[in-house]
Every structure is written in C-alpha cells, then in structure tokens.
Amino acid sequence: MGFLLLRYTNTIMPHTIPTNYIGRKDLCYVLLALPSENFKYRVCSLLAELSAELPGVIWPLPPEQLHITLCEIIQPKNYSQDKETLFDLHRDQYEEAPARILSQVPKSTITFDVIEVSPQAVIVRASDSSILNSIRTKLVEVMELPDETRTPPDITHSSVARYLTAVDIAKVQEIVSRHTIAIEEEIDEFKLLRVTTLPLEEYEVLRSFPLMTN
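Residues numbered from 1 in each chain as written. Predicted model: local features only at pLDDT ≥ 70, side-chain atom pairs only at ≥ 80, totals over all residues. Heavy atoms only, no water.

Peer 1: For the side chain of aspartate 26, give the residues involved together with the corresponding values.
Peer 2: Structurally, aspartate 26 can be placed in strand E2 (residues 25-33). Polar contacts involving the side chain of aspartate 26 include one to the side chain of arginine 24, which spans 3.0 Å. A distance of 2.8 Å separates a polar atom in the side chain of aspartate 26 from a polar atom in the side chain of lysine 83. Residues contacting aspartate 26, with those up to four places away along its chain left out, are Pro76, Lys77, Lys83, Val195, Thr196, Thr197 and Leu198. (Helix = DSSP H or I, 4+ residues; strand = E, 2+ residues; numbered from the N terminus. Polar contact = N/O pair within 3.5 Å; in protein donor to acceptor, adjacent residues only side chain to side chain. Contact = heavy atoms within 4.5 Å.)

Peer 1: Talk me through helix H4 (residues 130-142); I want residue IDs and the actual numbers.
Peer 2: If you check H4, its first and last C-alpha atoms are 19 Å apart, about what 13 residues at 1.5 Å a residue would give, namely 18 Å. Buried residues of H4: Leu132, Ile135, Arg136 and Leu139, and no others. For H4, the angular spread of the buried residues around the axis is 105°, confining them to a single face. Structurally, H4 contributes buried residues whose contacts are with E2, strand E4 (68-74), helix H3 (91-102), strand E5 (108-117) and strand E9 (189-197). (Expected span 1.5 Å × (residues − 1). Buried < 20%, exposed > 50% of the residue type's maximum accessible area, 1.4 Å probe, protein only. Arc of directions from axis to C-beta.)

Printed below as a string of structure tokens:
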C-alpha cells in the first residue's frame, strides 16, 4: 500500500514557488531513466486528479518529459566555462565510467510509494533509495564532476508537477494528502542525455547503458 510523506524543504517558505523555466532554452547533461508506460499512466492519472483539485496551481509534466534522475553532470545554470566545452573536455570519462559501472549493476524493481510536496515541486519517490545511491557513490568516485555541479541527490524520485502560481503550501499538502501511490517500476537501463529545452522538452540521447540481466 502506498503512503504519503509531506515535508517542507524550506520551512521559511509557506507558499509554493512558481516555476520560471518551463520551455526555457538551456544546456545540461544528465544520467537518468525514462519510465515505463505503466509509470507514466499511473502518474498522469494522479496528476489529472490533482489538476482538477488545484486548478491553475500546478503544471503537470507531460508524460514524455517524466524521468527518474540518477546523476546530473552539467546542470541548467551558469558555469564558469562554456558548458559544451566543459562536457567535451571529459566526454570519454562521462560516457565510459557509467558504461563500466552500470554494466555490473543488475536490473531492479523500485517501488515508488511516496508523494511529497515541497515549495518547488510535487514529486513521487521511493522510500528505499539504496539501489540508486549505491550507483551514485561509485559514479562520483570515478567521474570528475564540474565544481559548479551539485552533489547527486540521495533520493530516488521523479518530479511530476511544478507550480504556476504562489499559493499557501498547506492547501497543496491538504489536497495531496488524500492521494496515495504505489508503482512497481523495473529499471533496466539508464541514458546519458544532452538536454536543450527544459525540463525535458528537447533532448538528444548520447548513450544508453543497459543494466545486467540475471
């Protein structure tokens, strides 16, 4: 059975923060998994209900833009160097290290069983993130991430909705608390993407990394 966990990521912000980057041109490189049709169907069904209950408040990610982030290499923000040049400088490392590590990781089923509300987004996540965190630890040990790139997250999640307007976050929490989620998602591959329009509107798949089959 799914359950709900609600928490503030910043307790001094009692309102939602409208997103300003939907459809924005920017360049980033990221390792992620693209979810299954079942995942997209279940999430989109949830988002349809939330949109009806929060009209004009949330922006549901289109199904084709849903994703499960493993590790951002170059993020959508300013860097001290040209981002294309910066990636190309370490391109072999950013492609070969994931290929080597992920080829030794068995495909796994992850249960997304938490709906979480923060001032920035509504996310669905797994209460157990040990599988992805183990991979991240190995990746950051061998990949030279740029100084400006934040440390990879320690959660397994998919940001499923952003905000169009600022409203009392307690209102969003109260409505979301009526819903639960429990999605069994098989992860059998990660991809390295070059994203040019946010959040995942336009991108190019540079490499695919299948996980080890039993």
